[in-house]
Structure formats: C-alpha cells, structure tokens
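Each chain, letter by letter, is given below.
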Amino acid sequence: MALIAWWAPLVWLGATAVVIAAVVWYRGRHRSSTAAGIPVAHRERLTALPAYRRALARYRLLVAGFVVCLVAMIAAAAMLTARPAAVALVTPDLNNRDIVLCLDVSGSMVDYDAAVLEVFQQLSVEFTGERISLVVFNASAVTYFPLTADYDYISGQLARLTAEFDDPDAPYYGGTLIGNGSSLVGDGLASCIVRFDHADSDRSRSVILVTDNFVAGEQIFTLPDAAKLAVERGVRVYGINPGDATAKDYLDDLAVEFETAVVDSGGAYYALDDPGVIPSVVDRITSEQASVLPGIQQVQISERPQPWIWLAFASLVGLGLFGWRLKR
Amino acid sequence: MDSLLRRVKTKLTIHAHRKVRGLIEGEYRSVFHGRSMDFDDLRPYVPGDEFKDIDWKATARHGSPLTKRYIASRKHTLVLVVDTGRDMAALAESGESKRDLAILAAGTAGYIAIRHGDMVALVTGTSEATHYMPPEVTESHLERVLQRIHSSTTLAGEPSNLSRHLDYVARNFRRRMIVMVIADDRPLAADEQRLVRRLTVQHEVLWLTIGDADLMREEWTGSEMYDVADSARVPEFLRHDTALRAEFSASIADAAMRSEELFESLTVSSRRITSAAGVVPGLFRLLEAHKHARR
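First, a word on what this report is: a plain description of the structure on this page. The model shown is predicted, which means the values in this text are computed figures rather than measured ones.

Residue and element names in this part refer to chain A. The geometry of helix 3 (residues 50-82) relative to helix 10 (residues 306-327) is characterised by a closest axis approach of 8 Å and an angle of 150° between their N-to-C directions. It follows that helix 3 is roughly antiparallel to helix 10 by the angle criterion. Crossing handedness for the pair helix 3 and helix 10: left-handed. On helix 10, the residues touching Y59, L62, V63, G65, F66, C69, L70, A72, M73, A76, M79 and L80 of helix 3 are W308, I309, L311, A312, S315, L316, G318, L319, F322, G323, R325 and L326.

Put into structure tokens, the structure is as follows:
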C-alpha cells in the first residue's frame, strides 16, 4: 500500500487544524461578551431531573457518534485524495510474441508435425497475448490460419489439423502441392517470414520450422536466402530437424545447411528423431525466447480506493443519521 | 426618573375598575384582628370589610351598608422583606423580570398601607449585607423604597441570603408588625424554616413567592439561556425534548405544592406569584387567606 499524493493527508490535517483554531478563536471572542440570552435562576430545577440526565446522556452519545463519523469522513476523504495504490514490480510476460508454426507436411514429417501441434495445443491454454499463426508447406505454403490471439480458434484449428494428420484421406495438404517439386523448404520458410504483420511495432517474431530440409525441386528462395530474409526482418528461426540424427550421409549436408541458416537468424537448431522429445524442445524454444527478449521491469501502480470509498459512504450515512437525530 | 409608584398605582387603578382595589383595602384592614374602641366615623361598606364592623342601624337609616371606622389605636408598620440577590434579577414564570414583580407586589402592599395611615419599612439585601430603611408613612418614602429594590437587584449582584434578613427582622423588631416577605422561588432551608417559625410568633407574616422562569418554555427553545448564579448555559439542545418538558412541569407543580404544604405547616399565609397581572389578585388572595386562617 502506497500513497500517490502522500501530502494530501497533511493538507487535510492542516485544514482541519485551521478550522478548529478558527472556531475556537471565534467562540473565545464571543465568550467574552457572555450574559447574552435569557437570564434564569435555579437551573437545578431542570438539571437535577433524572429525565434530564437521560436526555443529556443520549445527546452526548449522539454527539460522540457524529464526531466519530466526522473524523472517519475526514480520514476517508484524506486517504482518497492521497490516492492509495498497490505498487507491484511487474516483469511483463513475453506476451508480445508472434510465433509462426512453419510445418513441412511432406509425408515423412507428419508425425513430428502432430507432436508440435499437440505441444502448442497445450501451450495455447497458457498463452496471454501471444499471437500464433500456422503455415503448412510442401511445394507451396498455405496459411492454415493467420496470426491471431483467439486461443479458442487456435485450439480448434490445431485439433482439426491434428485429426487430419491421422486420417490418410484428409486433405491437410490441400494447396501445398502447387509448384515444381516437394518440400521446398526455402520457399516455405520465406513464406512464413512474410506472414508477420506490423513490421514497425516492437514485437518478438519467431518461426518454428519443422522440416528435414530434404528439398526436391526448384526453389525460388534457397534456405540461406530465406535465412537472410529472416535476419533482414528481425525474425528468429528455430529449426527442428527430425531427419538429422539418422546419420544418413546424404542428409548430412542438408542438416548442416539447415543449422547454419537457423543459427544465422539468431535462432536455435534441434536435431532429433523421436517425436516424444518435441515438447521439451518447444519448452526450450519458448524459454530461450524469454531469455532473449527479457521484458523491461515495470512499476505497476493500481489505485485501491475501495475501502476508503466504503468508509466515506458509511460515515456519510452516519453523519446524516446522527445529524437528523441531533436536529430533532 | 420614572416613578415606580405611579406604575403600581396604574396597576391598582386597572383593578379598581374590577372592584378589587377596595377588596384589597378591606382585606388589609383585617390583618390585625385587634380593634380600637374609639369610634371615628362611618363610611360605605366595601367588600372585604368585616361583617361585624357594619353599623346595621345606620345602614337601615341610610339605605346602603355602612361600616364603622375606628381611630387606630396605634400606627401599624408594614415591613417589606425583599430579597434582592441576583436570582431575583432573573426572569419570572411569565417571562417578566422577577424584580419587576417584586416591586409591583411591594408597591401595592406599601401603597395600601400608606393609604391606611400605616408606615412602611424595608429590609433588603444580599448575602453580603442587609439594608434597612426605617418606617415612614409618605408616598415619596415608598417611592424611595421601590427605587432601592429596583437599583439593588441586578444580574451582576451578590447571591441571595434570605435567612440573614429574616434573622435581622427577628432580632431588631420588638413591636408586632406586618412582615411581608417577597422571596425567591425555592424550597426553604432548615435554618430559614426555623426563622420563619420564630417570626410568626413575633409578627404577622405574609409570604409572597415570585415564581421562577419555565426553563422548558417553548417560545424560548431557539434562544440562549443562562443561569444568573454562574452564567452557565442551560443547554439549548435538550429544551426541545417533549418528555423532559412534561417531567419538568410535573416537578415544578410538585415543588409548588410541597412549598405550600410547608408554609401551611409553618402556619404562614403564602402565595406564589407568576406574572405582573397576577400580583394584585395574588395579594388579595394572600390577605384573604390570612384573614380566614385567623392566625
């Protein structure tokens, strides 16, 4: 609990003191010219009555209640003008991240894709503010859904795509076969990189690229070209290569090329052959992002006037009640 | 200086139209039962005269009642004992000054006495001193008496001490006199009761009480009120209380009744006066009660 305008209670205290002093001074000045009013004798005729004592006690009680309410009212007013607030040191989550899932949907990759989708399915529950897009590519890239923070929708789409992966007849690859070849990774990555919008706003942009980099056909962008594009646009590429660890020689060069491209963009490269490892890999990617782009610590001040407003309201009601009883 | 006696006469004249003035004179005459045996003359009967003073033979000849008048064997003396403490400068039950009621009562009684050829003396004072004005029979003397009461009763004055003045009367006046006490409205203390009992043996004692202000009076609820004894406020906020008002008037009535019973037990004729309009009738009732009590 902190006070934004900490000096306000002092002002109230001063003002109250001034008012009390003025009243005391005024009464003191008028007390000197006493003997105004009706002169009577033997007031004990009245003051000795038990009914008088009762009435006086009741009156004193009312006055005490009135004064308590008045003090509470002034205290509440002083606190309200001082603007009580809760101060917290907040490290904002990386909720200004944009993540494009860039999945190679050539036949050999489907298992890995499904694992990645499953992980993001779970993650989407925890996300707040992150935007996710899903792009699948083979010979050409198809935006499954664009960057969005609508997690219900994301979840639904991911579930649907996961279901399609399991169904051999499902047209998950619809639109991905337009082009000369298959697994055109450079084109796919480039397509993913251009999915980012709001180029001028300061957001963390990353692509999670799942592919074996086994290109067949003619690409417009080679993987290094696409990596350059990523660097130009400030997009970090995280590569997941399930084909690397199989130690096939002909794949080795491709893996090295993939790794180089990814690391150049500031991302990281993960070679694996077991879809079960994917969740930990995604964890590492997201935590790495967090370390790469630490949020600036911010002092978050949120005003908390509620108890004082209630006190002010209650004392106002009390003032009204006691004042009414006193005036009667 | 405005003549206080003229005011008293004016008041009496108003009552004369109501045929009360003659009544009062008749009642005053009968305060002393003793009659001189020296016949003076006859005069028309006025209500209040003793029936036994009516000269029935003369009445039969004349056609209307005639009363025998005797030459007073001696001059009587009316001693006015007036409390002039500051409590008497406060307001009376009617809202008039208690002092004015006291002056009116003293003036009426004094004027009747002077007209009857009696002398009027004044014993007055506060807790500090007792003043005595020796008896005289002139109107100018009565005016001085009234002026004395008027000037010595002030809000800035000393508190009352009635027993001091009663003691003075008891000690200094050997001859039988008419002692009219014009007193404050409060219960008599034990020493005062003892003095009154002693005075009734020595003198004819008549007691007039000037009723105190009604503290719970509704017209006064908006205004400040203070006790003349110590300038303490009588709190304004409690004077609205209707329950308190009822209890107050009940207690005042009770106190008046107890005071009446007390004077009854002291065999003193007493009357409580609450307003200027009530002075002359009150005085009349006091004299009448005294006559019937045959004290």
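Enumeration over the complete set of coordinates arrives at eight aromatic pairs over all chains. With a centroid separation of 5.9 Å and an interplanar angle of 75°, the aromatic rings of A:F145 and A:Y153 are classed as edge-to-face. Judged by its relative accessible area of 35%, A:Y153 is partly exposed. Taking 6.5 Å as the distance between ring centres and 85° as the angle between the ring planes, the aromatic pair formed by A:W310 and A:F313 counts as edge-to-face. Note that A:W310 and A:F313 are positioned in helix 10 at a spacing of three residues, about one turn of the helix. On the accessibility criterion, A:W310 (62% relative accessible area) is exposed. Feature note: the residues B:Y132, B:Y168 and B:F173 constitute an aromatic cluster, connected by ring pairs. Above the plane of the ring of A:W324 lies A:R325, whose end atom (NZ or CZ) is 5.7 Å from the centre. One cation-aromatic arrangement involves B:R217 over B:W220; the distance from NZ or CZ to the ring centre is 4.7 Å.

Here the focus is the side chain of B:E204. Residue and element names in this part refer to chain B. Inspection of the secondary structure assignment puts E204 in strand 7 (residues 204-210). Residue classification places E204 among the buried positions, given a relative accessible area of 5%. Within the structure, the side chain of E204 is placed 3.1 Å from the side chain of R176, a separation counted as a polar contact.

Our focus in this paragraph is unusual backbone geometry. Phi is positive for A:H42, close to 60°, though the residue is something other than glycine. Checked against the element boundaries, A:H42 lands in the loop between strand 2 (38-40) and helix 2 (44-47). Positive phi values are uncommon outside glycine, yet B:T267 reaches one of about 55°. Here B:T267 shows up in the loop between helix 8 (242-265) and strand 9 (269-273).

Right, let's talk about a nonpolar patch on the surface for a bit. All names here are of chain A. Together, L3, W6, W7, L10, V11 and L13 make up a nonpolar patch on the protein surface, roughly 670 Å² of accessible area in all. If one sorts the elements of the nonpolar patch by residue count, helix 1 (residues 8-32) sits on top with three residues. One can find L10 in helix 1.

Another point: the sheet that holds strand 4 (residues 119-125) of chain B. Residues and elements named next belong to chain B. Sheet architecture is open: six strands sit in the order 5-4-3-6-7-9, paired in mixed fashion. With partners counted over all chains shown, the strands left at the sheet margins are strand 5 (130-136) and strand 9, one partner each. The mean inter-strand angle of the sheet, taken between neighbouring strand axes irrespective of direction, is 15°. Here strand 6 (residues 178-183) pairs with strand 7 via six bridges, running parallel. If you follow I178 over to strand 7, its bridge partner there is E204.

Bringing the state of the cysteines into the picture now. Residue and element names in this part refer to chain A. Applying the stated criterion to the full structure yields one disulfide over all chains. Here C102 is linked by a disulfide to C192, with a sulfur-sulfur distance of 1.9 Å. With the S-S dihedral at roughly 85°, the linkage between C102 and C192 falls on the right-handed side. Here C192 lies in helix 6 (residues 185-193) and C102 lies in strand 4 (residues 97-104), a separation of 90 residues in the sequence. Note on C192: relative accessible area 0%, which makes it buried.

Next up on the list: the nonpolar core. Residue and element names in this part refer to chain B. Counting 41 residues, the largest nonpolar core has L78, L80, L146, I149, M180, I182 and L208 as the members making the most contacts within it. Elements with a contribution of two residues or more to this core: helix 1 (4-17), strand 3 (77-83), helix 4 (98-115), strand 4, helix 5 (139-152), strand 6, strand 7 and helix 9 (279-293). Per-element tally for this core: the top contributor is helix 4, with eleven residues. Contact partners of M180, with chain neighbours within four places excluded, come to L78, V79, L80, V81, A109, L206, L208, L283 and L286.

This brings us to empty space enclosed by the protein. Gaps between atoms show up when a probe of the same size as a water molecule is rolled over them. Residues and elements named next belong to chain B. All told, the structure shown has three cavities of 30 Å³ or more when counted by the stated rule. In this model, the largest cavity occupies a volume close to 50 Å³. Lining of the largest cavity is provided by A183, D184, D185, R186, L188, W207, T209, S259 and F263. For the lining of the largest cavity, the secondary structure elements donating two or more residues are strand 7 and helix 8. Here the residues of the lining of the largest cavity are counted per class, giving four nonpolar, two polar and three charged. In this model, the second largest cavity occupies a volume close to 40 Å³. Elements represented by at least two residues in the lining of the second largest cavity include exactly helix 4 and helix 9. Here the residues of the lining of the second largest cavity sort into seven nonpolar, no polar and no charged.

Calculation rules
- Residues numbered from 1 in each chain as written.
- Chains lettered and ligands numbered in written order.
- Predicted model: local features only at pLDDT ≥ 70, side-chain atom pairs only at ≥ 80, totals over all residues.
- Heavy atoms only, no water.
- Axes fitted to C-alpha atoms, helices over the stretch in contact; angles between N-to-C directions.
- Helix = DSSP H or I, 4+ residues; strand = E, 2+ residues; numbered from the N terminus.
- Parallel < 35°, antiparallel > 145°, perpendicular 65-115°, else oblique.
- Left-handed = near helix turned anticlockwise from the far one by under 90°.
- Contact = heavy atoms within 4.5 Å.
- Phe/Tyr/Trp six-rings, centres within 6.5 Å; stacked < 30°, edge-to-face > 60°.
- Buried < 20%, exposed > 50% of the residue type's maximum accessible area, 1.4 Å probe, protein only.
- Lys NZ or Arg CZ within 6 Å of the ring centre and 35° of its normal.
- Polar contact = N/O pair within 3.5 Å; in protein donor to acceptor, adjacent residues only side chain to side chain.
- Patch = residues over 30% accessible without salt bridge, like charges linked within 9 Å, V, L, I, M, F, W, Y side chains within 5 Å.
- Areas by Shrake-Rupley, 256 points an atom, 1.4 Å probe, with all protein chains shown as cover.
- Salt bridge = Lys/Arg side-chain N within 4 Å of Asp/Glu carboxyl O.
- Pairing = 2+ DSSP bridges.
- Disulfide = S-S within 2.5 Å.
- Core = buried A, V, L, I, M, F, W, Y, C linked by side-chain atoms within 4.5 Å.
- 1 Å grid on protein atoms, 1.4 Å probe; cavity = no way out; pocket = protein on both sides within 12 Å on 5 of 7 lines; lining within 4 Å.
- Points joined across faces, edges and corners; volume = space filled by probe spheres on them.
- Nonpolar A, V, L, I, M, F, W, Y, C, P; charged D, E, K, R; others polar.

This is a description of form; function is not addressed.
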